Amino acid sequence: MRKRSSWLCSLAFAAFSLVACSGDNTYTSHPCYLVIDNGLHLDETLASAMNQMSPGVFCMITNNDARKEFTFLNNSGLSSTKRYNAEDDRRTRALGMNGGLIVGFGTLTDGQFCAYDRECPNCFDPAVVPVRSKPLTMSGDGIAACNVCRRRYNMNNGGNSESDGKGLTRYRCSTTGSYGVLHVGN
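Residues numbered from 1 in each chain as written. Predicted model: local features only at pLDDT ≥ 70, side-chain atom pairs only at ≥ 80, totals over all residues. Heavy atoms only, no water.

Engineer: I'd like a description of the overall build of the protein chain, backed by residues and values.
Structural biologist: Counting secondary structure elements, the protein chain contains 4 helices and 13 strands. By the burial criterion, 40% of the 186 residues in the protein chain qualify as buried. Long-range pairs, those at least 24 residues apart, make up 57% of the contacts in the protein chain with a sequence separation of at least 6. Of the roughly 10,200 Å² of accessible surface on the protein chain, a fraction of 53% belongs to carbon and sulfur atoms. (Helix = DSSP H or I, 4+ residues; strand = E, 2+ residues; numbered from the N terminus. Buried < 20%, exposed > 50% of the residue type's maximum accessible area, 1.4 Å probe, protein only. Contact = heavy atoms within 4.5 Å. Areas by Shrake-Rupley, 256 points an atom, 1.4 Å probe, with all protein chains shown as cover.)

Engineer: Kindly report on the pairing of strand 4 (residues 79-83), identifying the contributing residues and their values.
Structural biologist: Of the pairings in the sheet, the one linking strand 3 (residues 69-74) to strand 4 comprises 5 bridges and is antiparallel in character. When the sheet's bridge partners are listed, leucine 73 is paired in strand 4 with serine 79. Counting the residues that bridge the hairpin from strand 3 to strand 4 gives 4 residues, and of these glycine 77 lies at a positive phi of roughly 100°. (Pairing = 2+ DSSP bridges.)

Engineer: Report on the sheet that holds strand 4, specifying residues and quantitative values.
Structural biologist: As summarised here, the arrangement of the 6 strands in space is 4-3-2-5-6-11, forming an open sheet in which the pairing is antiparallel. Both edges of this open sheet fall to strand 4 and strand 11 (170-171), since each of them pairs with a single strand only.

Engineer: If you had to explain the environment of threonine 176 to someone new, which residues and values would you point to?
Structural biologist: Looking at the secondary structure, you find threonine 176 in the loop between strand 12 (173-175) and strand 13 (181-185). Linking threonine 176 and asparagine 38, residues 138 residues apart in sequence, is a C-alpha distance of 9.6 Å. Here valine 181 takes part through its backbone nitrogen, which lies 2.7 Å from a polar atom of the side chain of threonine 176. (Polar contact = N/O pair within 3.5 Å; in protein donor to acceptor, adjacent residues only side chain to side chain.)

Engineer: An account of the environment of serine 29 is needed here, citing residue identities and associated values.
Structural biologist: Along the chain, serine 29 turns up in the loop between helix 1 (2-20) and strand 1 (33-37). Between the alpha carbons of serine 29 and asparagine 186 there is a distance of 6.6 Å; along the sequence they are 157 residues apart.

Engineer: Just give me the short version of the pattern of salt bridges, but keep the residues and values in it.
Structural biologist: Inspection of every chain in the model, using the stated rule, returns 9 salt bridges. We note a salt bridge from arginine 118 to glutamate 119, for which the minimum N-O separation is 3.5 Å. Of the charged contacts, one joins aspartate 164 and arginine 151 as a salt bridge, the two residues approaching to 3.9 Å between their closest N and O atoms. Here the residue aspartate 164 occupies a position in the loop between strand 10 (160-161) and strand 11, and arginine 151 occupies one in the loop between strand 8 (143-146) and strand 9 (152-154), the gap between them amounting to 13 residues. Where salt bridges share partners, they join Glu87, Asp88, Arg90 and Arg91 into one cluster. (Salt bridge = Lys/Arg side-chain N within 4 Å of Asp/Glu carboxyl O.)

Engineer: Lay out the confidence of the model for the protein chain with the relevant residues and their values.
Structural biologist: Of all residues in the protein chain, 87% have pLDDT values of 70 or greater, and the mean over the chain is 86. In the model, residues 1-24 has pLDDT below 50 throughout and makes 1 contact with residues more than four positions away in sequence or in other chains. (pLDDT = per-residue confidence, 0-100.)

Engineer: An account of unusual backbone geometry is needed here, citing residue identities and associated values.
Structural biologist: The peptide bond linking valine 129 to proline 130 adopts the cis configuration, its omega dihedral lying at -5°. Looking at the secondary structure, you find proline 130 in the loop between strand 6 (113-117) and strand 7 (136-138). The backbone of leucine 42 sits at a positive phi, close to 55°, despite the residue not being glycine. Secondary-structure assignment places leucine 42 in the loop between helix 2 (38-41) and helix 3 (44-49). Phi is positive for arginine 150, which is not a glycine, with a value near 70°. You can see arginine 150 is positioned in the loop between strand 8 and strand 9.

Engineer: Which residues make up the sheet that holds strand 12, and what values do they have?
Structural biologist: As summarised here, the arrangement of the 3 strands in space is 1-13-12, forming an open sheet in which the pairing is antiparallel. Edge positions in the sheet fall to strand 1 and strand 12, since each of these pairs with one other strand and no more. Neighbour to neighbour, the strand axes of the sheet diverge by 0° on average, direction disregarded. Taken together, the 5 bridges between strand 1 and strand 13 define a ladder with antiparallel strand orientation. Counterpart to leucine 34 in the pairing with strand 13 is valine 184. (Axes fitted to C-alpha atoms, helices over the stretch in contact; angles between N-to-C directions.)

The structure is reproduced here in structure tokens:
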């Protein structure tokens, strides 16, 4: 009897180990790193997406290193540009696969803050030279759409594709509130 229970324990442990070690495929391993202290920028467009009390508001973030500025555009049509401050100037940035991210709280993700790549996961290929951008557009209802393949992605529900194909590319992220710190990175 002791041998049998020991064997069952070993089998259960092996099964648990397979599940625990299978890895989390929710997030990409593609390099991405961004930190913005909105307590210094006081940007209303970015703050709208970092507010947990306003799920369904998403903000597209791009940067222009030559001009040393961030551009913010939310899915309600509000846009703004902020110059890098001294902290931003010292930080390293890698905004997704082609210089753009979308962040916000989804309405169907249990209060989870999400960061998505701005490029269509089904059309954009960072390995193809020259790199050809396939940026997504956003609508007020939390849908990101690709003008090339016509796929639509529900950002309120984890970036799932509404048809066949891959869902949006996701990055690990956090926020400390509307006028707090945004951190996106692997």
